[in-house]
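# Coordinate inspection notes
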Amino acid sequence: MAIQITGDAEADQVLDSDPFALLVGMMLDQQYPMEHAFRGPAKVLERFGTLEPGRIAAADPDEFAALCSTTPAIHRFPGSMAARLQELARIVEDEHGGDASRIWTEASSGKDLLKRVMALPGFGKQKAQIFVALLAKQRDVRPEGWEAVVGDYALDGHRSVADVVDADSLQKVRDFKKMKKAAAKG
């Protein structure tokens with residue numbers, strides 16, 4: 001199944017073809033509309049010329065932050081997200097040989113995968129659960145026990161970006177999140 005999160009065929013192709021791009025998109029999915037967050041890797045690729053983690057990690061931090069801040073920026077907080085992206089790239093380069101997919105292909109179980117993702121900058125428990133569910137539902141990465149560690153995100157429905165496969169499902173996820181927020185307030 002091809003990734004279709006952003007509503008932009010070129011940006012989705014970047015996510016579909018590059019595991020690091022998918023990881024970066026998920027990292028950027030915070031206090032920012034999800035389709036815009038997941039367009040971030042395509043913006044970096046276009047402006048920087050590569051998504052190679054080693055090159056991103058080695059980039060001059062000020063120049064990289066400026067590139068990420070260029071309109072349209074990669075995030076509503078482009079400076080801090082540029083620094084986080086460079087730290088993520090450093091970890092992928094140093095601990096996974098520059099291959100983000102090793103985070104999930106070398107996981108021994110769902111629990112191990114969740115732990116590996118939670119160790120990354122910008123990934124708390126909930127975001128890590130959603131990313132593991134995204135890998136399972138859209139990349140067929142299903143280590144033993146993945147359903148247990150992601151909880152309700154493993155269920156069918158429209159709870160998170162893991163369930164976004166087109167514009168209609170994106171709207172259903174938005175509606176679900178709005179309903180959950182209203183229920184929490186009231």
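Basis of the calculations
- Position numbers for residues start from 1 in each chain and track the written sequence from start to end.
- Side-chain atom pairs in this predicted model are given and counted only at pLDDT of 80 or more, local residue features only at pLDDT of at least 70, and totals for whole chains, interfaces and linings cover all residues.
- Calculated side-chain values reflect all of the structure's heavy atoms, with hydrogen atoms and water omitted.
- The rule is simple: take the accessible area with a 1.4 Å probe, protein chains only, and divide by the maximum for that residue type; under 20% is buried, over 50% is exposed, in between is partly exposed.
- What counts as a helix is a DSSP run of H or I of at least four residues, what counts as a strand is a run of E of at least two, and both are numbered from the N terminus.
- Here, the arc refers to the directions that run from the helix axis to the C-beta atoms.
- By definition, residues are in contact when any of their heavy atoms lie within 4.5 Å.
- Between the first and last residue of a helix there are one fewer steps than residues, each counted as 1.5 Å, and that sum is the expected span.
- For salt bridges, the criterion is a side-chain nitrogen of Lys or Arg within 4 Å of an Asp or Glu carboxyl oxygen.
- Cavities and pockets were defined on a 1 Å grid built over protein atoms only: a cavity is a set of grid points that admits a 1.4 Å probe from which the probe cannot escape, a pocket is an open set flanked by protein on both sides within 12 Å along at least five of seven lines, and lining residues are those with an atom within 4 Å of any such point.
- Grid points are joined across faces, edges and corners, and a volume is the space filled by probe spheres set on the points.
- Polar here means any residue outside two lists: the nonpolar Ala, Val, Leu, Ile, Met, Phe, Trp, Tyr, Cys and Pro, and the charged Asp, Glu, Lys and Arg; Gly therefore counts as polar.

### A look at helix 1 (residues 9–17)
- Among the residues making up helix 1, those that are buried are Ala11, Asp12, Val14 and Leu15. Buried residues of helix 1, seen end-on, are gathered within an arc of 155 degrees and therefore sit on one face of the element. Among the exposed residues of helix 1, those oriented more than 90 degrees off its buried face are Ala9, Glu10 and Ser17.
- Of the surrounding elements, those touching the buried residues of helix 1 are helix 2 (19–28) and helix 4 (40–48).

### What to know about helix 10 (residues 125–139)
- Over its 15 residues, helix 10 extends 20 Å from the first C-alpha to the last, a length consistent with the 21 Å expected when each residue adds 1.5 Å.
- Of all 15 residues in helix 10, twelve are buried; the element is thus mostly enclosed.
- Where helix 10 is concerned, the buried positions are Lys127, Ala128, Gln129, Ile130, Phe131, Val132, Ala133, Leu134, Leu135, Ala136, Lys137 and Gln138.
- Close packing links the buried residues of helix 10 with helix 2, helix 8 (102–105), helix 9 (110–118) and helix 11 (146–150).
- Of the residues trailing helix 10, Asp140 is marked for its positive phi of about 60 degrees.

### Let's talk about the pattern of salt bridges
- Within the structure shown, the criterion is met by eight salt bridges.
- Between Asp16 and Arg139 there is a salt bridge, and its shortest N-O distance comes to 2.9 Å. Taken as a pair, Asp16 in helix 1 and Arg139 in helix 10 lie far apart in primary sequence, 123 residues in all.
- Classification of Arg139 as partly exposed rests on a relative accessible area of 27%.
- The salt bridge partner of Glu35 is Arg174, with a shortest N-O separation of 2.5 Å. With Glu35 in helix 3 (residues 34–37) and Arg174 in helix 12 (residues 167–185), this residue pair connects regions lying 139 residues apart in the sequence.

### Looking at unusual backbone geometry
- The omega angle of the peptide bond from Thr71 to Pro72 is -5 degrees, so this bond is cis rather than trans.
- Note that Pro72 resides in the loop between helix 6 (61–69) and helix 7 (78–96).
- Even without being a glycine, Gln31 presents a positive backbone phi close to 55 degrees.
- Structurally, Gln31 can be placed in the loop between helix 2 and helix 3.
- When its relative accessible area of 52% is taken as the criterion, Gln31 is described as exposed.
- Not every positive phi belongs to a glycine, and Asp140 is a case in point at roughly 60 degrees.
- Accessibility expressed as a relative area gives 58% for Asp140, which makes it exposed.

### Side note on the layout of surface pockets
- As a volume, the largest pocket reaches approximately 770 Å³.
- If you go around the largest pocket, you meet 25 residues; those closest to its centre are Gln126, Ile130, Arg159, Lys177 and Lys181.
- Residue contributions to the lining of the largest pocket peak at eight residues, all from helix 12.
- In the lining of the largest pocket, the residues fall into nine nonpolar, six polar and ten charged.
- As a volume, the second largest pocket reaches approximately 180 Å³.
- As for the second largest pocket, its lining consists of Asp8, Glu10, Ala11, Val14, Arg39, Ala42, Lys43, Leu45, Glu46 and Arg47.
- At the level of elements, helix 1 and helix 4 are the ones that each hand at least two residues to the lining of the second largest pocket.
- Counting residues per element, the lining of the second largest pocket draws most heavily on helix 4, which supplies five residues.
- Taken together, the residues that form the lining of the second largest pocket break down as four nonpolar, no polar and six charged.

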